[in-house]
Amino acid sequence: MRSAFLALIVLTAGCAPLAPCPKCPPPKPAPETAQYLEFTFDGLPGWPSAGLERSLRAFLAGCPRSGTFSQACARAAAVPPDDAGAARAFFEASFVPYALVSSDGPDSGLITGYYEPIIDGSRTQSSANRYPIFGVPEDLIVVDLAAANPDVRNMRLRGRLEGRRVVPYPSRGEIDARGVPAQVIAWTADPVELFFLHIQGSGQVKLESGERIRIGFADQNGHPYRSLGRYLADRGELPLEQTSMQGIKAWAAANPAKLKEALNSNPSYVFFRISESAEGPIGALGVPLTAGYSIAVDPRFVPLGAPVFLATTMPLATQPLERLVVAQDTGGAIRGAVRADFFWGTGEAAGAQAGRMRQQGAMWLLWPRGEPLPGKK
């Protein structure tokens, strides 16, 4: 009886209202989800006049594929090349457009740009070329939790062993200070260019002989991406509207004493591999990216390989950019249902466009007819 009475007191106390907690942390927001609102092709801005031949070629670059896109890939392969009417008929017959809307509220989101930079470097270290471009470290451990819990299938933990414990892998600042046990693919002279190479995720190293080494994303140290532009804006170093790649490079040239601390504000660090691709950088889908027709997305909401109709504007302009592109890549900063990174291509001209692109835009997912929507079974 006494035990039962004590248990009742404990249960009753657990249900009693608690006094307000002045230092309680705010509740965590609910995870973002996506709504897929069925649309019509005629309702897509600019669809009637859109040229779709290059969009079809970009889609075909990711084929053949099994599963959701297998039938669409088979039909796409039979479309005559450079036949505008046939390309249009294929997309309209094979897919249904769905407007992407975030549970956070907006039906539009941030559209940025990226590109494949070409930086100067050498195969050996020198007094000028002293900053390493690392391959994957020997001690980097990647823990994939999907087998244990399907709810975290997109989550991979990265670290290293310290005795019998897995501890976080070193941050950018720690790697720059002490290095890592990894192959050095090449050396370069400019830490700012190397930093932006990490952000782009792929690039080419131009050697003194004129030879080029194409490198692509291989892995990452597991730390979250932090925006250097946001860091500089929060500290009053640059107005937010000037935190383009060009603006940040100009700030870096004028503030060498503050540069290391600023770069280390982004603890994320990218490791590379040599790519043998002659067609272009390889995206997360495993195929070469197509300039102007490939985008990076958040795969939680937009499956890789899916066509996406994008309605935004050109960098620093009001000129419409309305185009059918293909989700073929991902990125650490690309988070959200209505969020995309537009691939501009290779070299300086592409970089000029990519570095200035920070537009608002809307996205429509083109999903194969008859297939359950992402997240549905």
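Structure's up top.
1. A closer look at the pattern of salt bridges
A side chain with one charge can pair with a side chain of the opposite charge if their charged atoms come near.
No. 1: Taken as a whole, this structure holds 9 salt bridges when the rule is applied.
No. 2: The salt bridge involving Glu211 is made with Arg123; its shortest N-O contact spans 2.8 Å. With a gap of 88 residues between them, Glu211 in the loop between β10 (202-206) and β11 (212-220) and Arg123 in the loop between β4 (118-120) and β5 (131-134) connect regions that are remote in the sequence.
No. 3: According to the relative accessible area criterion, Glu211 is partly exposed, its value standing at 39%.
No. 4: Exposure remark for Arg123: the relative accessible area of 46% places this residue in the partly exposed category.
No. 5: Linking Glu162 and Arg160 is a salt bridge whose minimum nitrogen-to-oxygen distance equals 3.5 Å.
No. 6: A relative accessible area of 41% places Glu162 in the partly exposed class.
No. 7: Each of Arg160, Glu162 and Arg165 takes part in one network of salt bridges that share partners.

2. Regarding the packing of aromatic side chains
For any pair of aromatic rings, the description consists of the separation of the ring centres together with the inter-plane angle of the planes.
No. 1: With the rule as written, the count across this model stands at 17 aromatic pairs.
No. 2: The structure contains a cluster of three or more aromatic residues connected by ring pairs, namely Phe59, Phe69, Phe90, Phe91, Phe95 and Trp367.
No. 3: Against the face of Phe196 rests Lys249, its NZ or CZ located 5.6 Å from the ring centre.
No. 4: In this structure, Arg323 packs its charged tip against the face of Tyr293, placed 4.9 Å from the ring centre.

3. Comments concerning helix α9 (residues 256-263)
No. 1: Residues of α9 that are buried include every one of Leu259, Ala262 and Leu263, and no others. With its buried residues spanning 85° around the axis, α9 presents them on a single face. For α9, the exposed residues set more than 90 degrees away from the buried face come down to Ala257, Lys260 and Glu261.

Basis of the calculations
Residues numbered from 1 in each chain as written. Predicted model: local features only at pLDDT ≥ 70, side-chain atom pairs only at ≥ 80, totals over all residues. Heavy atoms only, no water. Salt bridge = Lys/Arg side-chain N within 4 Å of Asp/Glu carboxyl O. Helix = DSSP H or I, 4+ residues; strand = E, 2+ residues; numbered from the N terminus. Buried < 20%, exposed > 50% of the residue type's maximum accessible area, 1.4 Å probe, protein only. Phe/Tyr/Trp six-rings, centres within 6.5 Å; stacked < 30°, edge-to-face > 60°. Lys NZ or Arg CZ within 6 Å of the ring centre and 35° of its normal. Arc of directions from axis to C-beta.

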